[in-house]
Structure formats: C-alpha cells, structure tokens
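One-letter residues, chain by chain:
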Number of protein chains: 2
Amino acid sequence: MDQAAAPPRRPARSAAARPGSGRATIASLAQRAGVAASTVSRALRDDARISPEVRARITALAQEAGYTPNILARSMVLGRSGLIGLVLGPVENPFYAELMQQAVRLAAARGCRLLLLHAGPGPIEDATTEALLQYRVDGCLVTSAELSSKAAAICAANSVPLVMINRVAREHGSAVSCDNRAGAEVLAELLLQAGHRRLAVVTGNAATSTGRERTEGFCQSVAAAGGEAPALFTGGASHAAGFAAGQRIAALPAAERPDAVFAVADILAMGVIDALREAGLKVPGDVSVVGMDGISLAQRPPYRLTTLVQPLEAMVARGLDLLLTGIEHGAGAAPQERVLLRGTLRLGASCRLPGSPLPPSGIPDAALPAAE
Amino acid sequence: MDQAAAPPRRPARSAAARPGSGRATIASLAQRAGVAASTVSRALRDDARISPEVRARITALAQEAGYTPNILARSMVLGRSGLIGLVLGPVENPFYAELMQQAVRLAAARGCRLLLLHAGPGPIEDATTEALLQYRVDGCLVTSAELSSKAAAICAANSVPLVMINRVAREHGSAVSCDNRAGAEVLAELLLQAGHRRLAVVTGNAATSTGRERTEGFCQSVAAAGGEAPALFTGGASHAAGFAAGQRIAALPAAERPDAVFAVADILAMGVIDALREAGLKVPGDVSVVGMDGISLAQRPPYRLTTLVQPLEAMVARGLDLLLTGIEHGAGAAPQERVLLRGTLRLGASCRLPGSPLPPSGIPDAALPAAE
DNA sequence: GTGCGTTGTGCAATCGTTAGCATGGATTCT
DNA sequence: AGAATCCATGCTAACGATTGCACAACGCAC
C-alpha cells in the first residue's frame, strides 16, 4: 500500500496544457537566475539579507520577464486575500454610486481590492454569501442593502469582520454612519426658524435604520420646539416614491397642505420637488423642501437642494480602517464600534431662509458657506 | 548541504498562529471521516466514482462543519480564478451605475464574481493594472473609462481577454455596444419628421468613440436628408456640461437658436433641458430635446425624455459571454469581435412629435409603444 | 590555528485543492 | 477455479508563494 522511498518524479500534467501558461513565476525566475526560489522571493520583497548585486540581477530579470506575483498563492500562505467584499444598496440612488467610487479609491490606497458581491435592491442571495467565504474575503463593507441576519450570522461564525456604512449595526459588525438624528435636527431648526409651522416628512423605506433615525430626529426636534407634529408621507428610496408623495401633498387643500417638507433622502426630495412643481406649486415659494445625503445631482439646477451633506469620503475611510484594524487584530477580537460622523448643512435654494422671506434664486452654490 | 533522507516533519508555524484558523478544510474533513483528502474532494464535487454512502457521510460532515471550499486554492490548480475585472467609467452618469448592477447580477448567474478595479473619471493607475494581473483575473470588462493603451498592451501580453462595453474596440479585445450611428439616425429622422429644421448636437467627451459615433451618425443622417448641418455645442459627460451647453443655446438670439437639440447622452440632455427651462424656454414648446442611453431618471418627470434606449442587459450579457468563451478557448485564441446591438426608441414628452404640433404632456410612459 | 559571529543562500515544509496513477478487494468471464 | 475486469479509495505530485532553519563561507579576535 505504501510504496517505499522516493517514487520517480514526473509531471502530473503536460507542460503545454498547464493553465496560465507563459507567465513567469518565482520558480522560473529562480531557474533563469541560477538561484533558489526563496532567494527570488526575498529579493523581490526587499529582504535585507539579500546581497545588493543578487537583488539587482533578480529585479532586472523580473522586470524583463514581466513578472507579476500571484496573489492567490500568496494569500494561501499569508492567510489574507487582500479582498474586501462590497455589498451595495439600490444604485438607483446616486448616493450609492458615489459611495462606491470612494470605496474603490480608498481601498486601493490601502492596498485592498473590492470584490463586488451585490448591487441593487432585494436581499442577498445565499450564493453571494457563499462567495464571500469562498474567496476568503478579509472583511466586508455593507451599505444599506438588506443583509439578512442569516448572512450576518455566517460571517460571524467564520469571523469575517463586517462594517456597515449608512446603516445601524447588527449584533455582529461595526457601523459607520452620519449622525442622522443630529442632522435631522439641524434641518428642523432651519425650517422652524424660517417661519414654517406646518411641516411634513417624506419617509424612507421603513426597514432601514437610517430612514427611521432621520424621521425620528426631525419629529423630536419639532416637538421639543413646541411645534405641531409633522405629517408623515410614506416614501421609499427612489425618485418615483418621492414623486408619488409629492403628488399626494400637492393634492391636499391649501389650508391643510404643509408649507415645508423634509424628505429623508435627496433622491426623494428631488421627486417631491418635481411633483410639486408639476402641480403648479412653487418651490420654495409655496413649499420649502429639504433633503439629506448631499448627492451631487440634487445640488444642481433645477433643484439647488438645501440638504445635509453626509461626509462620504470620511465615512468610507473610517469604515475601511475599522475593517482593517479588525483584520489586523485577528478575527473577532476587534471591539465592535458604532461611529457617528457629523454632516454639514448645505444651503441651496429649495427652501425659505430664516432672514429673508424668499431666498435669492441665483446664488451660485460655491458662494454659499456650509454651516457647521 | 543536502541532508540525506527524510527530515523530521514538524510544523513550520504554530497551529495557534495559523491564519484562517478554525475553518474546516478538505484535510480536516478527511481526518474526521477517516478517508483520504482526495476522496473528500471527489465526494463534494459529485464524482461518480464515490460510493453513495461515503458521499452521504462526507456531505453531512461538511454541512455540519460549515465547510466552504477555498476558491483561491482551487484557482491555483485549475488555473482559473472565476474573477472578472470590472473597470467602470464616470459613475456620475447613472448609466454606469445601471450597467454595474446588471453586470453583478449576470456575472453571478454565470458563476463569476467581479473584482472592482476602477470607478470614476480619470485614467487607470498602473497599480490597478497590476492588480488585474496579480489576482489572475480570467478576463476584464471595460466601460467607457480611459483604459490606457499601455494597460491594454499589458493585458494582451498576459493574454487576459478584454471586452469593452459601450466603447470601440482596441487592437486587443472585443467590444459590445449599441449601434450608435443607427440610433442617432433614428433620432435625426424623428426630429426632421416633426418639422424641425434648425438642429443642434450637444457632443460628449471628444475622446470617446461612443460620443463621436452618435454625433457623426446624426449629422450624416441630416445631411442625407438634405438638411442644414447641425450646430455643434461642446458637451461632456455630466449634467453640468449639458447645463452649460443649454445656457449657451438659450443665450442665442431667437432667430439663430436651434429648435431641436440632440444631446449624445441622457444625462447631458437633462442638463440641457434644465438650462433651457431656467432661461424661460419651453421644452418641447420652444425647443425639442432628445437624448440617448435610456437611463431611468431621465424617463421620469420633469424630463420625460425622448431617447434611444440602449439594450443594457443584452449588452452586458453578450459582453460576459464573449469574455467567457474567450476564456474557454484559451487565451488569445478567441476571435475578437465587435458586436452591435440595436437600441429602441422611447417616446417621451421632451420633443415635438411628427403628427401633432405639440405632444400631449400627460402621456403615461408605459402607454407609449417603443418603436422598432 | 581554533573558535565565533555575520552574512548570504538553499532546503524543505506549508497553505488547500485537484487529478493522475496505483492498489486492493469484489465481481464476472471463460 | 483462475484470470480479467471493475469499482472505490488512497497516495502523491503538483499549483506559486512564503518562511524557519540549516549551513557554507568569510572575517575577525584570541
């Protein structure tokens, strides 16, 4: 059964059929340089023990051969793939597209690459969760997508660090988000100081913590100021949902109609504005509208939305750093944090301003200072 | 130098410090099942030679241990990583966000995962190209981003199949795109038949083939119909660029002002419309505006854009299939194709229609048939 | 001249998986 | 009954990279 001593070594696979053929490997470089593979590895990784002339020779050879290290092989030894899973929410909201762009850039700056696991509405499939494990992702960045608790449990069981961005923390994983309550309060105060008394909120998807926090923060702030409770209009996470809510608002008799609307996301606010204007109402003349997120499209005409800008770059950077320290510290050792970052108010021309009865409509965006 | 015979086998690394600790492997399953590793591998891969009872025992054990195969290790043997690189253009254009969403979904359906290499404007960094090789990507999907010819050459040298979507083919790689010329011709005919005679084109980024083809197709079609050459306005790839062009158009004296504008991308068209309306002009009353791409935001009020919809899903699917057959056939063997798919006209309410002097503004989008 | 520290390289094991061949027992054919 | 066949499984060599340890060769001090 156990054949004694050295069996003859012959290649199990013909050299011609070998996959990835042609690419230089450490072994091929070693052979050409007449040194051992370990020497090549050390020379390319700037190990101090390699003599300068050998290193020079090897790096020149590697350059000439167009050598690229196989990260997959390295990952096996190191136990780290350098991959970070990315789970994106509904990209019909430009906020997530902007987030993605930041994520790619900042991850690359940290020496990581993103494995795009999911994008769009709907829950995450089981196959996706499996892929996350199969590719030995070092960690996973999750935006407002519906990460099932099953998926979260699987990550926890396999000690894959999880960081949510723009979403409340689960049992497992840290979270980075804008201080939604504080932000909503800033907007509530702005509207109240501008003299608005009949307020409304167009809510987001009831399932997302972000939407709930913004709604609650706004309403509590109004209540604290002694204002009348805002009317709530069911929204969603799209322009269409905002438009529908705007139509309902516009259809109200003038006496009951709110004179200021807080839409919990910019994309919603754009829909609201479009519906109001289509119904013949003036924004901000008849109704003030404010949003939250700070997407670039909403900043432009014809919206010039007053909104609370999320510190997107900082949020993503913080999220990645949390992930990386979590990876560093070994699996589940890292404490699970909830990080809140303050947004900044961007004054546009979609709402009445405290001082003037009507905002000048021609203010260039850049000239407007962002409040604290 | 060469110590004779079997050296004592001891672990090079302490078991505690072993990375990826805790996760079940084929070896650990084999030990627990009392069989060889190869048997486990075969049982899990449904090799016909494994007896039913052994397979049942092993699959049960794998299930219980929460075993997930390590694709990185598998890739080394198979020579295929199952990874497809994704290079996205400026995501400020929602078209690319929609494309990405399709790409994730369709790649997953084909058993592949996307490595997100680049997103946004600007050229691809060298480090990005390197990552593409390091992770042994099976192929790469490229959208309108600026893939340098250096990067393309590197892919060719390493026989990484390349497929461009919405962009002309390079020396190396296939390409899938909408038939931009034909699409632009459809739009030109539509405008001419509606009685427009003073036409204008808001161009895209001069560097992109897509923009050039659309501009040329439109102008040639007008010329063929004996129309006056359209005035060209430099655009770009953003709402802001469209807005700026719209302002220039609106500033013209009424006698010189075009009465119909073709913007080579929907996002541009939105900017044009916003600028024209802000200047007090009516769309489509005073000026008709049509776009091209078919992004969902442009379909909604207040734009209701008439546009040529790119068959996004088909384009991405075709691109992936081209990539996969290229991978199948072994590196550079696959012929390099250029695939053109026809778009479909979507009639909105942003332009005058051939029959009626003015389009009814309240047509529900769904009720409008898409022309051939 | 022996002993010792330094320095640069090589050897071999290892990560987790797959696949070619060997093997041993059961079955079937002549 | 002996031989040929077949089936299920085990052994082992890869894939490409990293790394602990062994070990030559060299210089230096005593």
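Draft legend 1. Structural view of the sheet that holds strand β2 (residues 113-118) of chain A. Across the sheet, which stays open at both edges, the twelve strands sit in the order β11(A)-β5(A)-β4(A)-β3(A)-β1(A)-β2(A)-β2(B)-β1(B)-β3(B)-β4(B)-β5(B)-β11(B) with mixed pairing between neighbours. Of all strands in the sheet, those with a lone pairing partner are β11 (338-341) of chain A together with β11 (338-341) of chain B, marking the two edges. If you compare each strand with its neighbour and ignore which way they point, the axes differ by 20° on average. By the bridge criterion, four bridges tie strand β1 (residues 83-87) of chain A to strand β3 (residues 139-142) of chain A in an arrangement that is parallel. Among the inter-strand pairings, V87 of chain A is bridged to a residue of β3 of chain A, identified as V142 of chain A. Here helix α6 (residues 126-134) of chain A sits on the sheet in contact with β2 and β3 of chain A together with β2 (113-118) of chain B, set at roughly 160° to β2 of chain A.

Draft legend 2. Inspection of helix α1 (residues 26-33) of chain A at higher detail. Residue and element names in this part refer to chain A. When we look at burial in α1, the residues that qualify are L29, A30 and A33. Along the long axis of α1, the arc covered by the buried residues comes to 100°, so they all point the same way. Residues of α1 that are exposed and angled more than 90 degrees away from the buried face: Q31 and R32. Against the buried residues of α1 lie α2 (37-44) and α3 (52-65). The N-terminus of α1 is capped by T25, whose side-chain oxygen sits 3.2 Å from the backbone nitrogen of A27. Trailing α1 by a residue or two, G34 shows a phi angle of about 75°, which is positive.

Draft legend 3. The arrangement of the interface of chain A and chain B in detail. With 56 residues of chain A at the interface, the matching set in chain B holds 56 residues. Each partner contributes to the roughly 5,200 Å² buried at the junction of chain A and chain B, and carbon and sulfur atoms together form 61% of this total. Counting across the interface, chain A meets chain B through two salt bridges. On inspection of chain A and its partner chain B, the count reaches 17 residue pairs in polar contact (both at pLDDT 80 or more). No other element matches the seven residues that helix α4 (residues 71-78) of chain A contributes to the side of chain A that touches chain B. Here the residues of the side of chain A that touches chain B sort into 34 nonpolar, 13 polar and nine charged. Alignment of β2 of chain A against β2 of chain B, held across three bridges, turns out to be antiparallel. Within the sheet, the bridge partner assigned to L115 of chain A lies in β2 of chain B and is L115 of chain B.

Draft legend 4. Representation of the environment of A269 of chain B. Residue and element names in this part refer to chain B. If you trace the backbone, A269 turns up in helix α11 (residues 266-278). What makes A269 buried here is its relative accessible area of 0%. Taking the C-alpha atoms as reference points, A269 and M292, 23 residues apart in sequence, are found 8.3 Å from one another. Non-local contacts of A269, meaning those with residues more than four positions away in its chain, are made with A263, V289, V290, G291 and L305.

Draft legend 5. Just the packing of helix α8 (residues 180-193) of chain A against helix α9 (residues 209-224) of chain A, in detail. Residue and element names in this part refer to chain A. Contact pair α8 / α9: the axes reach a minimum separation of 7 Å and the direction vectors enclose 40°. Considered as vectors, α8 and α9 are oriented oblique to each other. The handedness of the crossing between α8 and α9 is right-handed. Where α8 abuts α9, its residues N180, R181, A184, E185, L187, A188, E189, L191 and L192 lie against T210, E213, R214, E216, G217, F218, Q220, S221 and V222. For the contact of α8 with α9, the residue count by class is seven nonpolar, five polar and six charged.

Cut-offs used in this document
- Within any chain, residue numbers begin from 1 and follow the written order of that chain's sequence.
- Numbering of ligands from 1 and lettering of chains from A proceed in the order in which they are written.
- Note on the predicted model: pLDDT of at least 70 is required for a residue's local features to be given, and 80 or more for side-chain atom pairs to be given and counted; whole-chain, interface and lining totals, by contrast, use all residues.
- Hydrogens and water are ignored here; the side-chain numbers use all heavy atoms of the structure.
- Note on pairing: two strands pair once DSSP finds at least 2 bridges between them.
- Secondary structure elements are taken from DSSP: a helix is a run of H or I of four residues or more, a strand is a run of E of two residues or more, and numbering for both begins at the N terminus.
- Think of each axis as a best-fit line through the C-alpha atoms, taken over the contacting stretch in the case of a helix, with angles from 0 to 180 degrees between the N-to-C directions.
- Residues count as neighbours in contact if any of their non-hydrogen atoms are within 4.5 Å of one another.
- Working definition: with a 1.4 Å probe on protein chains only, accessible area under 20% of the residue-type maximum means buried, over 50% means exposed, and in between means partly exposed.
- Note: the arc covers the axis-to-C-beta directions of the helix.
- As used in this structure description, the phrase polar contact means that two N or O atoms lie within 3.5 Å; if the pair is within protein, one of them must be able to donate a hydrogen and the other to accept it, and residues adjacent in sequence are counted only when both atoms belong to side chains.
- Computed with a 1.4 Å rolling probe, the buried area is the accessible surface lost when two parts are put together, summed over both parts.
- Salt bridge, as used here, is a side-chain nitrogen of Lys or Arg placed within 4 Å of a carboxyl oxygen of Asp or Glu.
- Under the grouping applied here, Gly and all other residues not named as nonpolar or charged are polar, the nonpolar ones being Ala, Val, Leu, Ile, Met, Phe, Trp, Tyr, Cys and Pro and the charged ones Asp, Glu, Lys and Arg.
- Roughly parallel here means an angle under 35 degrees, roughly antiparallel means over 145, roughly perpendicular means 65 to 115, and every remaining angle is called oblique.
- Definitions for this section: a left-handed crossing has its near helix turned counterclockwise from the far helix by less than a right angle. A right-handed crossing has that turn clockwise.

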